[in-house]
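# Structure at a glance
Okay, here's what each chain looks like letter by letter:
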Amino acid sequence: MKVLITGAGGFLCRGLVIPFEESGAELRLMDVCDFETSHEKIIGDVSNPADVEKAVAGVDAIVIGHMASRQAGAYDEVELPFDANVKGTALLFAEAVKQGIKKVTLISSGAACSVDAKKQGFYSRDLAIGGSGMYGLTKACQEIIAEQYAREHDLTVSSIRTAYIHDMDSMCDKYGKKASEVNAQYADRRDIGEVTRRSLLLEGPRYEIFYALSTPEASTQYDVEYTHKTLDWQPQFTYEAYPRSV
Ligand SMILES: NC(=O)c1ccc[n+]([C@@H]2O[C@H](COP(=O)([O-])OP(=O)(O)OC[C@H]3O[C@@H](n4cnc5c(N)ncnc54)[C@H](O)[C@@H]3O)[C@@H](O)[C@H]2O)c1
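Residues numbered from 1 in each chain as written. Predicted model: local features only at pLDDT ≥ 70, side-chain atom pairs only at ≥ 80, totals over all residues. Heavy atoms only, no water.

## Thoughts on the packing of aromatic side chains
Using the criterion set out here, one finds 9 aromatic pairs in the structure. Between the aromatic rings of Tyr 211 and Tyr 222, the centroid separation amounts to 5.9 Å while the plane-to-plane angle is 50°, which identifies the pairing as tilted. With Tyr 211 in strand β9 (residues 206-211) and Tyr 222 in the loop between β9 and α7 (224-231), this pair connects stretches of sequence that are 11 residues apart. Take Tyr 211: its relative accessible area is 1%, and that puts it in the buried class. Residue classification places Tyr 222 among the buried positions, given a relative accessible area of 3%. Taken together, Tyr 164, Tyr 186, Tyr 239 and Tyr 242 form an aromatic cluster joined through their ring pairs. (Phe/Tyr/Trp six-rings, centres within 6.5 Å; stacked < 30°, edge-to-face > 60°. Helix = DSSP H or I, 4+ residues; strand = E, 2+ residues; numbered from the N terminus. Buried < 20%, exposed > 50% of the residue type's maximum accessible area, 1.4 Å probe, protein only.)

Spelled out as structure tokens, the structure:
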């Protein structure tokens, strides 16, 4: 299977690719900024239709893993986050349909879920969406696009909701912040990669929501059991050696 991954130079995708590499998948990696890789690379903008057409040509599946940079002020305005997160996602789905690609997985977030629903204290798969703030708004829009394309175009689509993306080996997050203790929200990027890879093996058409978190206590706050069961997956990076915080 040849897989396009967008946002491939970013923190999540640099770890997400590892399970794909281990499984022998052929990869085409796309990012708007240059990055080091031994795989086929496309430097392009997901909000540019010509770049998206070129990126999607000839692949069997797409992983939407990009996001507009969190640089200071970027999410205070509409244009940048909507261009990358929302328009970019819609263009990728539209191009998938045009080119007959049936499998797409979106990297989403608990931030796509409505604030009221989150107050229940448990992230179920049927929470209403409608996140708070500009970031949450764009993540909710991405999920709406994903669900509609799956339904109207008979695609197999998964939205993978995760929380605090991390790397257990370095104990660092995307900003280089090092943790000494962990909680239910931690998700190692390689675990997210394996959930993503397995989601692309599902047969459809169907639309799925999967929670991808790494620690055993994640099941107290997120419906990870459905992910374990449906994808026959268990996290490999459970942070066993580290103390827990609440
Ligand atoms: N980091 C977290 O804790 C966290 C938590 C939950 C969900 N997520 C989700 O994970 C995904 C990846 O996040 P990340 O933390 O790796 O972010 P990141 O900023 O490290 O990586 C995002 C990548 O997308 C690229 N990009 C931005 N605009 C683009 C465009 N127009 N065209 C092509 N590429 C573009 C950037 O250059 C960057 O390399 C996002 O969907 C995000 O919502 C992240």
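## Some remarks on the confidence of the model for the protein
Within the protein, residue pLDDT values average 96, and 100% of them lie at 70 or more. Summarising per-element confidence for the protein, the mean pLDDT is lowest in helix α4 (residues 115-118) (78) and highest in strand β4 (residues 61-64) (99). (pLDDT = per-residue confidence, 0-100.)

## Some words on the environment of Phe 237
Along the chain, the position of Phe 237 falls in the segment after α7. We classify Phe 237 as buried; its relative accessible area is 18%. With 101 residues separating them in the primary sequence, Phe 237 and Gly 136 have C-alpha atoms 27 Å apart. If sequence neighbours within four positions are ignored, Phe 237 has contacts with Met 168, Asp 188, Arg 190, Asp 191 and Ser 214. (Contact = heavy atoms within 4.5 Å.)

## A closer look at the site of the ligand
Contacts to the ligand come from 25 residues, most closely from Leu 12, Asp 31, Asp 45, Tyr 135 and Ala 163. Backbone polar atom of Val 46 to a nitrogen atom of the ligand: 3.0 Å apart, as the coordinates give it. Tyr 135 places a side-chain nitrogen or oxygen 2.5 Å from an oxygen atom of the ligand. When atom positions are compared with the pocket grids, the ligand is found to occupy the largest pocket. (Near = heavy atom within 4 Å. Polar contact = N/O pair within 3.5 Å; in protein donor to acceptor, adjacent residues only side chain to side chain. 1 Å grid on protein atoms, 1.4 Å probe; cavity = no way out; pocket = protein on both sides within 12 Å on 5 of 7 lines; lining within 4 Å. Sits in = over half its atoms within 2 Å of the grid points.)

## Focus: the sheet that holds β9
The strands that make up a sheet pair up through hydrogen bonds in the backbone, lying either parallel or antiparallel. Taking strand neighbours across the sheet as the criterion, the 7 strands line up as β3-β2-β1-β4-β5-β6-β9 in an open arrangement whose pairing is parallel. At either end of the open sheet lies a strand with only one pairing partner, and these are β3 (40-43) and β9. Neighbour-to-neighbour, the strand axes of the sheet open up by a mean angle of 15°, direction not taken into account. Those strands touched by helix α3 (residues 79-98) are β1 (2-6), β4, β5 (103-109) and β6 (156-162), and its axis lies near 175° from that of β4. Those strands touched by helix α6 (residues 189-199) are β4, β5, β6 and β9, and its axis lies near 165° from that of β6. (Pairing = 2+ DSSP bridges. Axes fitted to C-alpha atoms, helices over the stretch in contact; angles between N-to-C directions.)

## Focus: the environment of Gly 10
Within the secondary structure, Gly 10 is located in the loop between β1 and α1 (11-22). Taking C-alpha positions, Gly 10 is 27 Å from Asp 232, a pair spaced 222 residues apart along the chain.

## Points about unusual backbone geometry
Here the bond from Gly 204 into Pro 205 is cis, since omega is 5°, no more than 30 degrees from zero. Secondary-structure assignment places Pro 205 in the loop between α6 and β9. We note that Asp 232 has phi near 50°; this positive angle belongs to a residue other than glycine. Tracing the chain through its elements places Asp 232 in the segment after α7.

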